[in-house]
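These are the residues of each chain, in order.
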Amino acid sequence: MAGLLRNITGWGRSAGRAGNHALDASGLGQQALIGIVENSADPIMISGPAGEVFYANAAYRAMAGITGDSFIAPGVSKLVRGDAGQAERLYRLQKAARDNIPAEEVLSIGAGGARRHYNVRVTPLGRVTPLDNAAPAACWTFLLRPEMPAAPDTMNHVFDMADNAPVGIASARRDGRLNYINQAFSEWTGIAQDMVLAGGVSVFSLMEETPLPWELDMAAPDIGITRAALRAASGGLIPVSLIYAVRRDAAGEPCEVHMMLRDLRDQGAFERDDLAGIESRYSRLFDVAPVGIVIVDPDAKILQQNAAFQQRFHEKSARGENFLDMVDRDYRNDVRRKIAEALGNGRQDGHTEIQIGAPGATRSAQLFVTRVQDSGAESAALYLVDITEQKHLELQFAQSQKMQAVGQLAGGIAHDFNNLLTAIIGYSDLLLGRHHAGDPSFSDIHQIKQNASRAANLVRQLLAFSRQQTLKPKVISLTDLLAELNNLLRRLLGDRVDLNMTLGRNLGRIKADQGQLENVIINLTVNARDAMGPEGGEIRIRTENVSASEARALDHAWMPPGDCVLIEVSDNGPGIPKEIIGKIFEPFFTTKEVGKGTGLGLSTAYGIIKQQGGNIYVTSEPGGGAVFRIYLPRHDEDDGEAAAPVADAEPADLTGKGLILLVEDEEPVRAFVSRALAGKGYTVLEASSGEMAIELMRANSGRIDLMISDVMMPNMDGASLLKEIRVLAPNTKVIFISGYAEDAFRNNDEQLGEFAFLPKPFTLRQLAARVKEVMGNN
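Residues numbered from 1 in each chain as written. Predicted model: local features only at pLDDT ≥ 70, side-chain atom pairs only at ≥ 80, totals over all residues. Heavy atoms only, no water.

Colleague: With reference to specific residues and values, describe the pairing of strand β5 (residues 137-144).
Modeller: For β5, the tally of buried residues reaches six of eight residues, placing the bulk of the element in the interior. Bridging between strand β1 (residues 44-47) and β5 involves four bridges; their strand directions are antiparallel. Of the residues in β5, the one forming a bridge with Ser47 is Ala138. Both strand β4 (residues 116-126) and β5 contribute to a ladder of eight bridges, which runs antiparallel. Across the sheet, Gly126 pairs through a bridge with Ala137, a residue of β5. (Buried < 20%, exposed > 50% of the residue type's maximum accessible area, 1.4 Å probe, protein only. Helix = DSSP H or I, 4+ residues; strand = E, 2+ residues; numbered from the N terminus. Pairing = 2+ DSSP bridges.)

Okay, here's the thing in structure tokens:
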């Protein structure tokens, strides 16, 4: 409280008023504010930019049910309960506090029979350090409303209390004319109360100085404390501490000021007696603040620091040490400039982000700087909010966004390559059909097809990274899968690498593509082997269940919802350097020599795990190896799902008959498919667009047995075309061909109905077999 009130007493300086109107932090006015506000019978609370409580007096804490000497109290929203009307009134007050305008509403506070009605008034305080300069603070005053109309003797009692108060009380209009004074004020000045009621006395004529808000600055806070000199009836001056509160009209103009004046002539002894208690309370609040606080002189040397600063940023910092020496070199000029600006104009102009800490243990922090003036010596208060974890999460999120963007690019490239490879492989098959094995051209054509097939495998890896490959998920027991992989992994690792598996008990099942998941585990294991080098080492594979609550508590940017299953692959190799750990999942990034890796292994693993609803994370310390953690959603359906259908054997006879509508916008692919199917005995109608396919369907209504269509086409895509075909010819069978995964468009539209799918690139034999399967025994 003392720290906050010390700043309140400095409002006059921050608003541009003369320095002698503001009280020193150790002056008598500080005691007046603490004593009067803290012991006020009316609950008083000061809120910050987000509605948080920065100060609450004893009456407010009692109303909130807080006991003891604690200044921690709940906000108004925690005390107010009731209907929508009550919530609306509270909202208007909170909005007024944020908008820096006065407001007043009636709120019911309490529970059951203990509910009381209060006139709640919000009074803006302007911008008060150490609160955030982005929004103003506000004073909330709670005036208890009588449950029944006040009896005359009650009102008389109230006026009697004001008249006999041990402090001066006065009220003045906008033009300075007094409209009320109490007995003490009358005795000090010799002005009779009847003269005040007649409206002939100006407050300006009674003060040596007139420190009222409109006299000094129209933008000054509506509540404040300052010193003044009151002209006494004896002809001398009475030094007073003046606490004022301004009431404004509907237009926001000040119309009345209420004043409470305390005689300072005989209170020096009181102030000295209580000063030690104030300092003790201030020190306690300073040390328990949840943010780091450092007081520095104009040369940035440390005068005082709290426990939070030492615990979070620099354990060995000491008084007299230069604060700038703890700041990363790249940020020192910014800190030096912020300190100079704060000392120069007394304002806090936002915050800056810095890196601070002992060598090798720097942390990220938001730095706020304000001016402090104590006994004439200027210093700066530095407030440091630790944002290290926040920056870590921001980096993870940025990396995730980058990976998503790269994945979309890779998927688009892979789709176009699949069209090219479909034509290359297809025409190679057509040529091989016309050349026998002894033909000199046969080996050349075969080499073309083999290299195209190798290219197709690379494209599949790109699609895996971009999460657009075709998967065949089924329910899997990880324990069984790893048991089957155990022997294969040991052969791959060799004699110099020890493989240790720790499998969790009662491990949950997952639903995934088993072959792809096996590839991910093999890839991570082989990479760990290569990282450890020829001397070998130890690789550990561990599995365990992770509950939803445990998953939410992990420091990861995204986790699968619900319960998860963890697969962890770790090694004791040299670890991954800090400068490249953020790049290892990017496609074509590799630390291996040229010709020893494509750079697609980890990017493919990343895409496979993401496409199956999970996530993969890596941590590493220099010399401490690397740890890859895979989190996959737990699947708890019946065991019956685990049985995947076994594909029928490919028919020996791939010829057939029937009318086929082929829809493909890529001319080379369309030409190959048409020739291949015609060679197998089918009649083929070609269409280069969805619109042309609809015209052919209408012209051949009821005769078309099968439509083969690409998915991604200009103007009308495959899904839109299928909806039209279902209306024109509902019994026509459909095969979609695409370089993307089947799920990429099936999941986006559940109204497509039944259709078959053939991923690109495909061979002539794969095409003929798929058509034969869909057409039946034609």
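Colleague: Summarise unusual backbone geometry; cite the residues concerned and give the values.
Modeller: Located in the positive-phi region is Asn100, a residue other than glycine, with phi close to 65°. Along the chain, Asn100 falls in the loop between α6 (84-99) and β3 (103-109). The exposure class of Asn100 is partly exposed, given its relative accessible area of 37%. Even without glycine at this site, Asn715 takes up a positive phi of about 65°. Of note, Asn715 is situated in the loop between β25 (706-710) and α22 (718-728). Asn715 sits in the exposed class, given a relative accessible area of 77%.

Colleague: Outline the sheet that holds strand β27 (residues 756-759), listing residues and values.
Modeller: One open sheet holds the five strands; their spatial order is β24-β23-β25-β26-β27, and the pairing between them is parallel. Taken across any chain shown, the strands that pair with only one partner, and hence form the sheet edges, are β24 (683-687) and β27. Along the sheet, successive strands turn relative to each other by an average axial angle of 20°, direction set aside. (Axes fitted to C-alpha atoms, helices over the stretch in contact; angles between N-to-C directions.)

Colleague: So what's going on with the pattern of salt bridges? Which residues, and what values?
Modeller: A pair can form between side chains of opposite charge whenever their charged atoms are brought close. All chains considered together, the criterion is met by 14 salt bridges. As a salt-bridge pair, Arg92 and Glu105 come within 2.9 Å of each other at their nearest N and O atoms. One end of the pair, Arg92, is in helix α6; the other, Glu105, is in strand β3, with 13 residues separating them in the sequence. For Arg529, the salt bridge is made with Asp530, and the minimal N-O distance between the two is 3.0 Å. A relative accessible area of 35% places Asp530 in the partly exposed class. (Salt bridge = Lys/Arg side-chain N within 4 Å of Asp/Glu carboxyl O.)

Colleague: Run through the packing of helix α21 (residues 690-699) against α22, naming residues and quoting values.
Modeller: Interhelical geometry of α21 versus α22 gives an angle of 10° and a closest axis separation of 10 Å. Looking at the two axes, α21 sits roughly parallel to α22. Facing Gly690, Ala693, Ile694, Met697 and Arg698 of α21, the residues of α22 in contact are Leu721, Glu724, Ile725 and Leu728. For the contact of α21 with α22, the residue count by class is six nonpolar, one polar and two charged. (Parallel < 35°, antiparallel > 145°, perpendicular 65-115°, else oblique. Contact = heavy atoms within 4.5 Å. Nonpolar A, V, L, I, M, F, W, Y, C, P; charged D, E, K, R; others polar.)

Colleague: Mind laying out the side chain of Asn615, listing which residues take part and the relevant values?
Modeller: Counting through the fold element by element, Asn615 comes out in strand β21 (residues 615-620). Only 3.0 Å separates the side chain of Asn615 from the side chain of Tyr617, close enough to count as a polar contact. (Polar contact = N/O pair within 3.5 Å; in protein donor to acceptor, adjacent residues only side chain to side chain.)

Colleague: Requested: an account of the sheet that holds strand β8 (residues 223-231), with residues and values cited.
Modeller: Taken in spatial order, the five strands make up an open sheet running β7-β6-β10-β9-β8, and their pairing is antiparallel. Lying at the two open borders of the sheet, with one neighbouring strand each, are β7 (178-181) and β8. Between one strand and the next, the sheet's axes are offset by a mean angle of 25°, whatever the strand orientation. Alignment of strand β6 (residues 168-173) against β7, held across three bridges, turns out to be antiparallel. Opposite Ala170, over in β7, you have Ile181 as the bridge partner.

Colleague: Tell me about the packing of aromatic side chains, residues and numbers included.
Modeller: All chains considered together, the criterion is met by seven aromatic pairs. Consider the rings of Phe309 and Phe313, whose centres lie 5.9 Å apart with planes at 35°: the pair is tilted. Judged by its relative accessible area of 0%, Phe309 is buried. Judged by its relative accessible area of 4%, Phe313 falls in the buried class. (Phe/Tyr/Trp six-rings, centres within 6.5 Å; stacked < 30°, edge-to-face > 60°.)

Colleague: An account of helix α24 (residues 764-775) is needed here, citing residue identities and associated values.
Modeller: Taking 1.5 Å of rise per residue, the twelve residues of α24 would be expected to cover 16 Å, and the 16 Å separating its terminal C-alpha atoms lies within 8% of that figure. Along α24, the residues classified as buried are Leu764, Leu767, Ala768, Ala769, Val771, Lys772, Val774 and Met775. Within two residues after α24, Gly776 carries a phi angle of roughly 90°, on the positive side. (Expected span 1.5 Å × (residues − 1).)

Colleague: How would you sum up the pairing of strand β9 (residues 237-248)? Please name residues and give values.
Modeller: Bridge analysis of β8 against β9 gives nine bridges, and the strand direction is antiparallel. From the neighbouring strand, Arg231 faces β9, where its bridge partner is Leu237. Connecting β8 to the next strand, β9, in antiparallel fashion are five residues, including Gly235 with a positive phi near 105°. Pairing between β9 and strand β10 (residues 254-263): nine bridges, direction antiparallel. Residue Ile243 lies in a different strand from β10, and its bridge partner there is Met260.

Colleague: Give a description of the packing of helix α16 (residues 478-493) against helix α17 (residues 514-532) that names residues and reports values.
Modeller: Running from amino to carboxyl end, α16 crosses α17 at an angle of 40°, the nearest separation of the two axes being 11 Å. Of the possible angle classes, the one that applies to α16 and α17 is oblique. Considering how the two elements wind past one another, α16 and α17 form a crossing that is right-handed. Touching Leu478, Leu481, Leu482, Glu484, Leu485, Leu488, Leu489, Leu492 and Leu493 of α16 are Gln514, Leu517, Glu518, Ile521, Ile522, Thr525, Val526 and Arg529, all from α17. The residue makeup of the contact of α16 with α17, split by class, is twelve nonpolar, two polar and three charged. (Left-handed = near helix turned anticlockwise from the far one by under 90°.)

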